[in-house]
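Okay, here's what each chain looks like letter by letter:
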Amino acid sequence: MVQVRVLGVALDPAQQHVILLKPVDALSDRVLPVWIGAQEATSILVAVEGVAPPRPLAHDLMIRLLDATDATVDRVEVTRIDDGTFYAEVTVSALTGSRVVDARPSDAIALASRAGAPIFVADDVLAEAGIPDTVSEAPEGAETPEAAEERVAEFREFLDDIDPDDFRG
């Protein structure tokens, strides 16, 4: 397992939302794109950016229910990819012990983002579905603004040409 962070959410050419997961290890040159729904994208962005919605979103409710039962989200794992579909698990600890719950990656990541829980991706998943990282920021002073703009343009071109079916087994 590789620990990752939410790098961002983007739109592909078909206007589908893609969440980008980046390994925390600074040595990695890959990101994992995971296609998600619009509501889940909004929920993740709200949590990552620390915005308080006027009314609780579904994932806010889930966290409140966990809090009400003295349960916590310990970790989230994107465990596998099968025929282009990603699978995830949420590890929850409660007074009765620890439980692993099957979840969609988008829901699992939205929960982890609210709970401050670490997110992990299986090595095999990153190897199979990961793509070259052309959007992460380089260390300060290591890249000119022109080079950064070129990397963003390359990534936009990649998103223009990519099809979710490319990740099917």
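Look up: the structure comes first, before these words.
Scoring rules and cut-offs
- Residues numbered from 1 in each chain as written.
- Predicted model: local features only at pLDDT ≥ 70, side-chain atom pairs only at ≥ 80, totals over all residues.
- Heavy atoms only, no water.
- Phe/Tyr/Trp six-rings, centres within 6.5 Å; stacked < 30°, edge-to-face > 60°.
- Lys NZ or Arg CZ within 6 Å of the ring centre and 35° of its normal.
- Pairing = 2+ DSSP bridges.
- Helix = DSSP H or I, 4+ residues; strand = E, 2+ residues; numbered from the N terminus.
- Buried < 20%, exposed > 50% of the residue type's maximum accessible area, 1.4 Å probe, protein only.

Geometry of an aromatic ring pair is reported as the spacing of the ring centres plus the angle between the planes. Across all of its chains, the model carries zero aromatic pairs by this definition. One residue, Arg 75, lies across the ring of Phe 120, its end atom 3.9 Å from the ring centre. The cationic tip of Arg 80 hangs over the ring face of Tyr 87; the distance from NZ or CZ to the ring centre is 3.8 Å.

Let us now look at the sheet that holds strand S4 (residues 72-82). Across the sheet, which stays open at both edges, the eight strands sit in the order S6-S5-S4-S7-S1-S2-S3-S8 with mixed pairing between neighbours. Either end of the sheet is taken by a strand with one partner, and the two such strands are strand S6 (97-103) and strand S8 (131-132).

Bringing the pairing of strand S3 (residues 30-36) into the picture now. The buried count for S3 comes to six of seven residues, which makes it a mostly enclosed element. Alignment of strand S2 (residues 17-23) against S3, held across five bridges, turns out to be antiparallel. Within S3, the position partnered with Val 18 by the bridge is Trp 35. As paired strands, S3 and S8 are joined by two bridges and run antiparallel to one another. Paired with Val 31 across the strands is Ile 131, a residue of S8.

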